[in-house]
Amino acid sequence: MEIITSSKAMQERALQLKKQGYSIGFAPTMGFLHEGHLKLVTQSLQENDVSVMSIFVNPLQFGPNEDFEAYPRDVERDKKLAENAGVNILFLPERTEIYPNEPSFEINVKNRTGVLCGRSRPGHFNGVATILIKLFNIILPDHVYFGMKDAQQVAVVDSLIKDFNFPIELIPVETEREEDGLARSSRNVYLSDEERSQAPHLYKGLQKGSEAIKKGEVNPSSVIHIIENYIKTNTNGKIDYIEILSFPNLDTLEQIHGKIIIALAVKFSKARLIDNIILEIHS
Ligand code: PAF
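An unreviewed UniProt entry lists the protein chain under the name Pantothenate synthetase, with Lederbergia citri given as the organism. Regarding the protein chain, the UniProt comment filed under Subcellular location (unreviewed entry) reads as follows: "Cytoplasm".

Undergrad: Let's hear about the packing of helix α6 (residues 124-139) against helix α7 (residues 151-163): which residues, and what values?
TA: One way to put it is that α6 packs onto α7 with a least axis distance of 11 Å and a crossing angle of 50 degrees. Classified by the angle between their axes, α6 and α7 sit oblique to one another. Both α6 and α7 take part in a crossing whose hand is right-handed. Residues F125, V128, A129, L132, I133 and F136 of α6 lie in contact with α7, whose contacting residues are Q152, Q153, V156, V157, L160 and I161. Partitioning the contact of α6 with α7 into residue classes produces 10 nonpolar, two polar and no charged.

Undergrad: I'd like a rundown of α7, residues and numbers included.
TA: The first and last C-alpha atoms of α7 sit 18 Å apart over 13 residues, in line with the 18 Å expected at 1.5 Å per residue. Where the residues of α7 are buried, they touch α5 (116-120), α6, β5 (143-147), β6 (169-173), β8 (258-267) and β9 (272-281). Following α7 by one or two positions, N165 adopts a phi angle in the positive range, close to 55 degrees.

Undergrad: Account for the sheet that holds β8, naming residues and giving values.
TA: Ordered by their spatial adjacency, three strands build an open sheet running β7-β8-β9, and the pairing between neighbours is antiparallel. The open sheet terminates on both sides in strands that have one partner only, identified here as β7 (238-246) and β9. Geometrically, the sheet is characterised by an average inter-axis angle of 10 degrees between neighbouring strands, direction not taken into account. The pairing of β7 with β8 spans eight bridges and is antiparallel. Pairing of I239 across the sheet is with V266, part of β8. Sheet strands in contact with helix α9 (residues 200-214) are β7, β8 and β9, and its direction is about 20 degrees off that of β9. Sitting on the sheet, helix α10 (residues 220-234) touches β7 and β8, and the angle it makes with β7 is about 150 degrees.

Undergrad: Please provide a residue-by-residue account of the packing of helix α1 (residues 7-19) against α6, values included.
TA: One can describe the packing of α1 onto α6 by two numbers: an axis separation of 7 Å at closest approach and a directional angle of 50 degrees. Accordingly, the angle class assigned to the pair α1 and α6 is oblique. Of the residues in α6, those in contact with S7, M10, Q11 and A14 of α1 are N137, I138 and I139.

Undergrad: Give me the lowdown on helix α3 (residues 75-85), citing residues and values where you can.
TA: Those residues of α3 not exposed but buried are D78, A82 and A85. Down the axis, α3 shows its buried residues gathered within 65 degrees of arc, on one side only. The outward face of α3, more than 90 degrees from its buried face, is lined by the exposed residues K80 and N84. Downstream of α3 by one or two residues, G86 has phi in the positive range, about 100 degrees.

Undergrad: So what about the pairing of β6? Which residues, and what values?
TA: Direction of pairing for β5 relative to β6: parallel, over a ladder of five bridges. From the neighbouring strand, F146 faces β6, where its bridge partner is P172. Crossover β5 to β6 through α7 is right-handed.

Reading guide: rules and limits
- Residues numbered from 1 in each chain as written.
- Predicted model: local features only at pLDDT ≥ 70, side-chain atom pairs only at ≥ 80, totals over all residues.
- Heavy atoms only, no water.
- UniProt positions renumbered as here; feature names shortened; annotations may be inferred.
- Axes fitted to C-alpha atoms, helices over the stretch in contact; angles between N-to-C directions.
- Helix = DSSP H or I, 4+ residues; strand = E, 2+ residues; numbered from the N terminus.
- Parallel < 35°, antiparallel > 145°, perpendicular 65-115°, else oblique.
- Left-handed = near helix turned anticlockwise from the far one by under 90°.
- Contact = heavy atoms within 4.5 Å.
- Nonpolar A, V, L, I, M, F, W, Y, C, P; charged D, E, K, R; others polar.
- Expected span 1.5 Å × (residues − 1).
- Pairing = 2+ DSSP bridges.
- Buried < 20%, exposed > 50% of the residue type's maximum accessible area, 1.4 Å probe, protein only.
- Arc of directions from axis to C-beta.
- Right-handed = clockwise from strand over helix to strand, strands pointing away.

If you want it as structure tokens, here you go:
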């Protein structure tokens, strides 16, 4: 596995690969890799000549009271995992390589951000969009791979690619789960033993909601109520949001129909976990 730390060297390498006619698949990450990240690589390896992974904990997407400093990091372990997964090029820049100067531009994501994590984490998607514009221009991928656990991120990247005409195809990859259903996340390490045993109930709660919809419930509030009760009964987590929206536009719904997302965020003592289910309902 090649490791590149400079943006210029990475871009030159990408341009060289392009000239040679190779396709590039790209999995952006913030490291502390788990099966979910490796699944992105596995798919990229199947669909591209060269697979690039980036590891960069992007300060711009963390709010002032969020966990940027405490975000779990283990670069040496990540390098081994990336290599074993078959990553061809690991882009591992320092902060000064990505943000060398005070930027002259600010990206403001207007749509698809006033709901879900965008509402609870103001500015988060501006930071995500900024880093992705930079990474797309440095790595020049043909295909980009994003996990569906961060479904709102997938929706925002979909708009980003379309709005700015990036010649890139977005490939959403299904959420990777532990055996008990808990969505894999770098933040799961922050859960206490008790919280870890409660955390699978988030997905179970979503499944309860999904079952109610499949049985014919069309009122979003009723479904949200079912999920809320289930989570309050089975966990000590504090519900940040439970929402049902259209997908990928993330519009609020009077009645459940078409392609929808049921999404939630729940705060435990040191970890805020998110999860979702996407459904197509045609009555
Ligand atoms: O999903 C993440 O890990 C991050 O938001 C991303 C896409 C790597 C941008 O920093």
